[in-house]
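# Understanding the architecture of this molecule
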Amino acid sequence: AIDEIQNQIESDQPTRTPDTKYVVVFISDGRPTLPGSASSAVDDLRDFSQSVKNLTAVVPNQISFNTVYYGPIDADASNRLKGMAEAGGGQFLDTNENPTGKAFLLSDWINVPSINCTLQ
């Protein structure tokens, strides 16, 4: 999925301007489904964080990679997504922190790159 997002952003190059901003919101249960993968959670985080860094490097300071953890309480899965958001300069939201979903603000889970704004 991250590679596909990167391909889409790269293909946008002919129409991109210095003011173009890309906001990626990645919603997942945080459990990679890589065939034959026997890697540890630490390895997964390192691999996925590097993929996110590669993505955001396509257009520096114009891409944010935000993540939402949506799944049962699972520290490894949640931390994997949190690390990806950190690598991508984005926000992280764990939906388990507010199971009713009524107290989340858009600014809690989306960061627009190079723009400082608050939502009211």
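Bear in mind the structure is a predicted one, so any value in this text is a computation, not a measurement. Position numbers for residues count from 1 along each chain, tracking the sequence in the order it is written. In view of the model being predicted, local features appear only for residues whose pLDDT reaches at least 70, and side-chain atom pairs are presented and counted only at 80 or more, with totals across whole chains, interfaces and linings using the full set of residues. Side-chain figures throughout are based on the complete set of non-hydrogen atoms in the structure, without hydrogens or water.

### Let's talk about the nonpolar core
Definition of nonpolar core: a set of buried residues of the types Ala, Val, Leu, Ile, Met, Phe, Trp, Tyr and Cys, connected through side-chain atoms within 4.5 Å. For each residue, the accessible area found with a 1.4 Å probe, counting protein chains only, is set against the maximum for its type, and the residue is called buried under 20%, exposed over 50%, and partly exposed in between. Residues Ile2, Ile9, Phe26, Val52, Ile63, Phe65 and Met84 are the most contacted members of the largest nonpolar core, which totals 16 residues. Helix and strand assignments follow DSSP, with helices taken as H or I runs no shorter than four residues and strands as E runs no shorter than two, numbered in order from the N terminus. Elements that contribute at least two residues to this core include exactly helix H1 (2-11), strand S1 (22-28), helix H2 (41-56), strand S2 (63-69) and helix H3 (75-87). The element best represented in this core is H3, accounting for four residues. If we skip the residues at most four places from it in the chain, Val52 touches Ile2, Phe65, Met84, Ala87 and Gly88. Contacts between residues were defined by any pair of non-hydrogen atoms, one from each residue, lying within 4.5 Å.

### What to know about a nonpolar patch on the surface
A surface patch of nonpolar side chains, amounting to about 380 Å² of accessible area, comprises Val23, Val25, Ile27 and Tyr70. Looking at where Ile27 falls in the secondary structure, it is placed in strand S1. Ile27 sits in the exposed class, given a relative accessible area of 58%. Patch members must show over 30% relative accessible area and no salt bridge, and they are joined within 9 Å when carrying like charges or within 5 Å when they are nonpolar side chains of Val, Leu, Ile, Met, Phe, Trp or Tyr. In short, Shrake-Rupley with a 1.4 Å probe defines the accessible areas, and a residue's cover is counted only from the protein chains shown. Within this document, salt bridges are pairs made up of a side-chain nitrogen of Lys or Arg and a carboxyl oxygen of Asp or Glu, the two lying within 4 Å of each other.

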